[in-house]
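# Structural features, examined
Listed here are the chains, written in short residue letters.
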Amino acid sequence: MRQETPTRVPALPDLTADPFDQAFADISIGWDDDAPQICECDHGDEAAYAPCGRRAKWRVTIDCTCGEDHPRTIELLCTKCLRTARKDLGNEAITARPL
């Protein structure tokens, strides 16, 4: 005898929820936790963004140390691009955490 496959019923939007949380939930639809994340390091020229394409292994936070309060940057990088970033951004405060 065939069994019926259970289907997921999409949840109705919560009208009392924080609009930021709702917007993030809308954006994150389709993200799969098991899917590998791609390195975000830009290997293109000034005309176009070209991501590295290798699998990202690090969530990297870069804080400006020049004293002009530049915004914090957060990127997903592969090991090779993290090594290059550390070399290129010598004075910046770089924190790397594994994904």
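About the cut-offs
- Residues numbered from 1 in each chain as written.
- Predicted model: local features only at pLDDT ≥ 70, side-chain atom pairs only at ≥ 80, totals over all residues.
- Heavy atoms only, no water.
- Helix = DSSP H or I, 4+ residues; strand = E, 2+ residues; numbered from the N terminus.
- Buried < 20%, exposed > 50% of the residue type's maximum accessible area, 1.4 Å probe, protein only.
- Salt bridge = Lys/Arg side-chain N within 4 Å of Asp/Glu carboxyl O.

### Points about unusual backbone geometry
Residue Asp69 is not a glycine yet carries a positive backbone phi of 55°. Looking at the element boundaries, Asp69 is found in the loop between strand S1 (58-63) and strand S2 (73-77). Residue classification places Asp69 among the exposed residues on the basis of a relative accessible area of 74%.

### Some details on the pattern of salt bridges
Under the defined criterion, the tally for this structure stands at one salt bridge. Notably, a salt bridge pairs Asp63 with Arg72, separated by 2.7 Å at the nearest N-O pair.

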